[in-house]
Amino acid sequence: YLFGASWLMNETTLAKTLGLRSASTGALIFEDEVDDDGTYSIFGKPVRICPSMPSLGASNVPIILGDLKRLAIRRVRDNGLWLSRAEETFAEYLQIAYESFTRADAGILFYASDPSTPSPFVALQCHS
């Protein structure tokens, strides 16, 4: 599962992770690895921003490493996609703005808390 793995975390957790410094030298632990698309990487694995992930805190699971092919995505069928039209917003430029929304959520099918159990996801939990 590690070959296609990605890190899942929110932006706050990513910022704090990239800001970690060594206690002995004061140097940053992680280098800013950013590809041409603006995607960050840690240990060569891409970081996927998930706003719904909890931030760093006692008993939270703020970081997950896993193969996103094992992620279940659910899209709402009825009234799950709608379009908003804004005529007044850019009227002075003789333009009409359109914005589309879709309702979806995702869930990890399973992950193992025991390192000896093979799993497509590993959760990193904060301890107080």
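Residues numbered from 1 in each chain as written. Predicted model: local features only at pLDDT ≥ 70, side-chain atom pairs only at ≥ 80, totals over all residues. Heavy atoms only, no water.

As for the overall build of the protein chain
- From N to C terminus, the protein chain includes one helix and 10 strands.
- Helices and strands appear in the protein chain in the N-to-C order β-α-β-β-β-β-β-β-β-β-β.
- For a compact globule of 128 residues, the expected C-alpha radius of gyration is about 14 Å, and the protein chain comes in at 19 Å, more than 25% above that figure.
- On the principal axes, the C-alpha backbone points of the protein chain span a range of 60 × 35 × 30 Å.
- Here the protein chain holds 128 residues, and 23% of them are scored as buried.
- A fraction of 61% describes how many contacts in the protein chain between residues 6 or more apart in sequence connect residues 24 or more apart.
- Accessible surface, the protein chain: about 9,600 Å² in total, of which carbon and sulfur atoms supply 53%.
- Of the side chains in the protein chain, 11 bear a positive and 15 a negative charge, and the two mean positions are spaced by 9 Å. (Helix = DSSP H or I, 4+ residues; strand = E, 2+ residues; numbered from the N terminus. Rg over C-alpha atoms; globule rule 2.2 N^0.38 Å. Buried < 20%, exposed > 50% of the residue type's maximum accessible area, 1.4 Å probe, protein only. Contact = heavy atoms within 4.5 Å. Areas by Shrake-Rupley, 256 points an atom, 1.4 Å probe, with all protein chains shown as cover. Lys, Arg positive; Asp, Glu negative; His and termini not counted. Charge placed at Lys NZ, Arg CZ, Asp CG, Glu CD.)

Brief notes about the side chain of Ser6
- Structurally, Ser6 is set in strand β1 (residues 5-9).
- Relative accessible area serves as the criterion here: at 5%, Ser6 is assigned to the buried category.
- When sequence neighbours within four positions are dropped, the list of residues in contact with Ser6 reads Pro46, Arg48, Ile64, Leu65, Gly66 and Leu68.

Description of the nonpolar core
- Core analysis: the largest hydrophobic core is formed by 10 residues, namely Ala5, Trp7, Met9, Leu14, Leu18, Phe30, Ile42, Val47, Ile63 and Leu65.
- At three residues, β1 tops the list of elements feeding residues into this core. (Core = buried A, V, L, I, M, F, W, Y, C linked by side-chain atoms within 4.5 Å.)

Description of the confidence of the model for the protein chain
- Put simply, the protein chain has an average pLDDT of 82, and 91% of its residues get 70 or more.
- The secondary-structure element of the protein chain with the lowest mean pLDDT is strand β9 (residues 104-108), recorded at 71, while strand β4 (residues 45-49) shows the highest, at 92. (pLDDT = per-residue confidence, 0-100.)

Remarks on a nonpolar patch on the surface
- Taken together, the side chains of Leu83, Ile96 and Tyr98 define a hydrophobic patch exposed on the protein surface, amounting to about 330 Å² of accessible area.
- Looking at the secondary structure, you find Leu83 in strand β7 (residues 81-86).
- Taking relative accessible area as the criterion, Leu83 reaches 58% and is therefore assigned exposed. (Patch = residues over 30% accessible without salt bridge, like charges linked within 9 Å, V, L, I, M, F, W, Y side chains within 5 Å. Salt bridge = Lys/Arg side-chain N within 4 Å of Asp/Glu carboxyl O.)

Some thoughts on the packing of aromatic side chains
- Going through the model one piece at a time under the given rule, you end up with one aromatic pair.
- When the ring of Phe30 is compared with that of Phe43, the centres are 5.4 Å apart and the planes differ by 75 degrees; the resulting orientation is edge-to-face. In this pair, Phe30 is assigned in the loop between α1 (11-18) and β2 (33-34) and Phe43 in the loop between β3 (40-42) and β4, connecting sequence segments 13 residues apart.
- By relative accessible area, which is 14% here, Phe30 ends up buried. (Phe/Tyr/Trp six-rings, centres within 6.5 Å; stacked < 30°, edge-to-face > 60°.)

Topic: the sheet that holds β2
- Here six strands make up an open sheet; going across it, the order is β2-β3-β4-β1-β5-β10 and the pairing mixed. Single-partner strands in this sheet number two, and they are β2 and β10 (121-124).
- Lying over the sheet, α1 contacts β1, β3, β4 and β5 (63-67), oriented at roughly 55 degrees with respect to β3. (Pairing = 2+ DSSP bridges. Axes fitted to C-alpha atoms, helices over the stretch in contact; angles between N-to-C directions.)

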